[in-house]
Amino acid sequence: MPDQEAPAARMLRGAGVSPGVGAGPVRVVAGAVPEPPAGARHGGDAEAERAAALAALEAVAADLEARAARAADVGNTDGRDVLNAQALMARDPGLADAVAAKIGDGTAAARAVFEAFGTYRELLAGAGEYLAARVADLDDIRDRAVARLLGVPMPGVPESDEPFVLVARDLAPADTAVLDPAMVVAFVTLEGGPTSHTAILARTMGVPAVVACPGCTEIAEGTRVLVDGAAGTVRIDPSDEQVRAARDAVAARAAILESATGPGATKDGHAVPLLANVGGPQDVAAAVANGAEGVGLYRTEFLFLDRAAPPSAAEQEDAYRKVLEAFPKGKVVVRTLDAGADKPLAFLPPPGEEPNPALGERGLRMLRGHPDVLAEQLGALARAAAGSTARLEVMAPMVTDAEEAAFFAQACRDAGIDHPGVMIEVPAAALRARDLAAEVEFFSIGTNDLTQYACAADRQLGGLAHLQDPWQPAVLDLVAVAAQAAADAGRPCGVCGEAGGDPALACVLVGLGVTSLSMGAPSLPLVRAALARHTLDQCRRAADAARRARTAQLARESARALLPGLAELGL
Amino acid sequence: MSQRNVKIEAKVGLHARPAALFVQIAAKADFDVTVAKPGGEPVNAKSILAVLGLDARHGEEVVIRAEGEGAEELLDKLEALLKQPEPESA
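## Digging into the interface of chain A and chain B
Each side of the interface is counted separately: chain A has 16 residues, and chain B has 15 residues. Together chain A and chain B conceal approximately 1300 Å² of surface at their shared face, both sides included; 70% is due to carbon and sulfur atoms. Put simply, chain A and chain B have one salt bridge between them. Note that Arg17(B) and Asp81(A) form a salt bridge whose closest N and O atoms lie 2.9 Å from each other. At the junction of chain A with chain B, the criterion picks out four residue pairs in polar contact (both at pLDDT 80 or more). Among the elements of the structure, helix H2 (77-90), helix H3 (93-104), helix H4 (109-126) and helix H5 (132-150) of chain A are those that each provide at least two residues to the side of chain A that touches chain B. Considering every element that reaches the side of chain A that touches chain B, the biggest residue donor is H2(A), with four residues.

## Topic: the environment of Asp105(A)
All names here are of chain A. Its location among the elements puts Asp105 in the loop between H3 and H4. Accessibility expressed as a relative area gives 57% for Asp105, which makes it exposed. When the C-alpha positions of Asp105 and Ala46 are compared, they lie 8.6 Å apart, and in sequence the two are 59 residues distant.

## Focus: the pattern of salt bridges
Residues and elements named next belong to chain A. Under the counting rule described, the total for this entry stands at 41 salt bridges over all chains. Between Glu35 and Arg111 there is a salt bridge, and its shortest N-O distance comes to 2.8 Å. In this pair, Glu35 is assigned in the loop between strand S3 (21-28) and helix H1 (46-73) and Arg111 in helix H4, connecting sequence segments 76 residues apart. Here Glu35 falls in the partly exposed class, since its relative accessible area comes to 49%. The salt bridge partner of Arg121 is Asp139, with a shortest N-O separation of 2.8 Å. Here Arg121 is found in helix H4, whereas its partner Asp139 is found in helix H5, with 18 residues between them in sequence. Residue classification places Arg121 among the partly exposed positions, given a relative accessible area of 33%. Connected through shared salt-bridge partners, Glu301, Arg335, Asp338, Arg362, Asp449 and Arg459 make up one network.

Rules used in this analysis
- Residues numbered from 1 in each chain as written.
- Chains lettered and ligands numbered in written order.
- Predicted model: local features only at pLDDT ≥ 70, side-chain atom pairs only at ≥ 80, totals over all residues.
- Heavy atoms only, no water.
- Contact = heavy atoms within 4.5 Å.
- Buried area = accessible area lost by both parts, 1.4 Å probe.
- Salt bridge = Lys/Arg side-chain N within 4 Å of Asp/Glu carboxyl O.
- Polar contact = N/O pair within 3.5 Å; in protein donor to acceptor, adjacent residues only side chain to side chain.
- Helix = DSSP H or I, 4+ residues; strand = E, 2+ residues; numbered from the N terminus.
- Buried < 20%, exposed > 50% of the residue type's maximum accessible area, 1.4 Å probe, protein only.

Shown next, in the form of structure tokens:
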């Protein structure tokens, strides 16, 4: 029977990067809207063509206003202002005049709209970096109006009145800034790896996600799917029985996890503080709920995304203080602005074309070119920490050598910050960690970038997922070198990459000498439970076995064989 | 023809929220309203794209002009807006 496909065809497989199950109808993020061909002419009825063009612009404006009202309802005033400004652009009288004039010359409506926007695009782009973000806004309106006129799907994250499974080729931070977390039950992407933006966002939100999933963008809009973010599967048209069984399995694991509470420690009482990765005050509640002992990575660039100008010193201070106040007895490790590569900031453009942005001016390299931005951020941090009982530690991203570490430590001291540290994510920094340890008070290993750079495998490329694996023995070697150098100097060395949230790898990292683990808040209970089931000696033996293995897969298998408690947790 | 020279006190300049409010006020007039940098080409103050394209920043001066019944009152409102460091509403 043609409508009875084989069971295998009704299940797609990818990489599960955020555990849990979610079921709902698919909403696909459409690809780019095509450019209407140059020279496209209308049939001769200029009046009707003009009316169609203006109606499309008006519909786009009305839609933007409706979204602005919804943003305002949830207290997102920045979003409201951006969307209202976009609505004004769609209704711009100068733009309407230009469209009408082109249609009067015989140009088809869609092409006329495209060209009229082009004129303003050049005007704004030529007005300097300050307007860079507005050019993107303008392109978005143009694409929406052209999509209406051509009858093709709207670009960007779709609107929906019911919770849905978001399917996309890949997601950029700009796409997800407008997401309503309550409406997304799962993410599925064609590209991306375990450390892509989608994966990190999903774990922070506690929403299941499957990435690098071939065929997912061909699922018809509205099709019901069941996503298992641990197994990495997407079942198409699941039965109610299958959805129930998947949810029961998740609930059973949750029951085990509820019994794991208190500070992180191995079975024999070796303390390993368990900390949360946060992007701002909005993530604090989940961190506290999952028992975080503090914050191990505060990604401050998330305060700056989608901003034409940096937040004021007072606004920054407020955002830092809110997180410090949540952990009066704990520590909060703040990472200074990590811009560049996959997280460009409108007010900190790269100095020139970068064919390979992951190797370009990002992290501390970029901040050294903008000492005013660095000084303002450090000053705001120092003021936020004054009077707080939390211990503030501040670290720089993308540090390569001891000279850079010394520069950052001095910048911190100048700002009145007592505990400067550095991220270890460049292999050169890991290999010469003993030199860096003399300059700063602590290390935090960023396993995502360390893996990307050690294996020369771009985090954005789904096809290289097998090389973006922190179980690669070379990555484990680099972690061991950095942790040993820190121990020799009497300095703590944490891990704040996604590796720390993998229960098996967390045990191995502790065995390698890592002194604290920071992760997306939903990963904390499982890691706490895994550590509590193994002694420090077991962790060390698992770490030795993993380093003796010749491949990532063998490292994983040989470590797991020495960590019997994982099976009790259903891992 | 009524005319004002106004120094922009809005911290973000004639961009973002101040620009949107400026255009919304101007659009309420049934006569022409223009804004220009001193000595520069005047642009339609009802066009957000033209106003943003001016790229008038904090501390810079702009010339706003209007002609018609109620022009003075309108210019009062626009001037008051530009004088606010962080305007909240129109």
